[in-house]
Amino acid sequence: MSLKDQVIADFTQRFGAPPDVVVRAPGRVNLIGEHTDYNEGFVMPLAIDRHTWIALRPRSDGTVFLHSMDHDASCTFGLAQLSKDRGWQEYPKSVAWALHDAGYTLTGWEGTTICDVPLGAGLSSSASFELAIAKAFAEVSGFPWDAPKMALISQQAENQWVGVNCGIMDQMISAVGQADHAVLIDCRSLEATPLPLPSGTSVVILDTTTRRGLVDSAYNERRQQCEEAAAFFGVKMLRDVTLDQFTARADQLSDTTRRRAQHVISENERTVAAADAMQRGDAVALGQLMNESHDSLRDDFEVTNQELNEIVDRSREIEGCLGARMTGAGFGGCAVALVQSERAADFVASVTAAYHDATGLLPSAYVCQASDGASVVAR
Ligand code: GLA
């Protein structure tokens, strides 16, 4: 049974009638542009064909009731007095809080949710949950859907309520994703430019199955180092420093700060170059830029782990692989490879075997399709 059928069946059984509406929002994989979003730089992710689904109907008592099929648990909260707690129910609460804070008048609802974005794998299951919740509120409360604004509100929910200091990439792509396209996002203006994947190529997600430890503190430390570097150059964000400006004064920075800044500044240039390559349909150039991105994240930004390096190295040895790199925050989780479509099935089998031989771990590798951002799928 599809997730859509499952969520509808659970809703119908639980509430005694079919849902009024079904919404979903996707997870993401980032092709290139890593650790650039919080420097107001460029990213180029795609929304993947894995989603958080919610089947729901409005309630008239200002209350939200949500059953999670994944957690086999339910939560309920009143919109009038939201209070912080811990656990998965903080995501719906956080979005309710941020929407209210932005001035929206909210209607309550009841529903069921299910998700096939793997949790904690670095594919933005949290952002997909947040955007699905925002979409649910938009539907029952009847306010217009402004995708970048909903992304900002969801980011605020995650930053200020959940307490994770993420950038805007994950929420933006879950909101603005487009089927068969990656999206170049300017994280300063939030301008989003969909770009078709080069013909004859496929995107393969490679889950190392290692999970990120201490990621929040390492992530925050990187952010701080980027801010220090920006302050040194007298600009608001590293986005404002060109590679030439950097090179001219790089020797005055401490070794660590210099390498962190080198990554961000060069990654912004690579991401813009990758968008050019996409526009030309130049898959070879795109793959090469992805390789360079990984090397920079490994050597200068230092956010890979051994397993990410292993799966990327093994990928690059396989025929038909045009480029491979870690994706997301790093320290574990997933890599992404661009491969020739005709070789994609062989690639998945070969990389699975090679990574297993090298590490003893069984990765999960699959071809993904770029999908649309948060949307209503049934009424
Ligand atoms: C995480 C964050 C994003 C972004 C990436 C790194 O996924 O949520 O905002 O910073 O790491 O590119």
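Values in this document were obtained by computation on a predicted structure and should not be read as measured data.

A. Representation of the packing of helix 3 (residues 125-141) against helix 4 (residues 147-162) within the structure. Two numbers describe how helix 3 lies on helix 4: the axes approach to 10 Å, and their chain directions differ by 120°. Classified by the angle between their axes, helix 3 and helix 4 sit oblique to one another. The way helix 3 lies across helix 4 gives a crossing that is right-handed. For the pair helix 3 and helix 4, contact is made by Ser-126, Glu-130, Leu-131 and Ala-134 and by Met-150, Ser-154 and Glu-158, respectively.

B. Highlighting the domain arrangement of the protein. In terms of domain boundaries, the protein breaks down into domain 1 (3-195 + 371-378) and domain 2 (197-368). On a C-alpha basis, the centroid separation for the pair domain 1 and domain 2 is 26 Å. On the side of domain 2, 45 residues touch domain 1, which itself brings 37 residues to the contact. For the pair domain 1 and domain 2, the summed buried area comes to about 3,400 Å², and 60% of that belongs to carbon and sulfur atoms. Asp-186 serves as the salt-bridge partner of Arg-239, at 2.9 Å between the closest nitrogen and oxygen. Run the count over domain 1 and domain 2 and you get 19 residue pairs in polar contact (both at pLDDT 80 or more). Looking at which element gives the most residues to the side of domain 1 that touches domain 2, the answer is strand 2 (residues 42-59), with seven residues.

Calculation rules
Residues numbered from 1 in each chain as written. Predicted model: local features only at pLDDT ≥ 70, side-chain atom pairs only at ≥ 80, totals over all residues. Heavy atoms only, no water. Axes fitted to C-alpha atoms, helices over the stretch in contact; angles between N-to-C directions. Helix = DSSP H or I, 4+ residues; strand = E, 2+ residues; numbered from the N terminus. Parallel < 35°, antiparallel > 145°, perpendicular 65-115°, else oblique. Left-handed = near helix turned anticlockwise from the far one by under 90°. Contact = heavy atoms within 4.5 Å. Domains from an automatic or database assignment. Buried area = accessible area lost by both parts, 1.4 Å probe. Salt bridge = Lys/Arg side-chain N within 4 Å of Asp/Glu carboxyl O. Polar contact = N/O pair within 3.5 Å; in protein donor to acceptor, adjacent residues only side chain to side chain.

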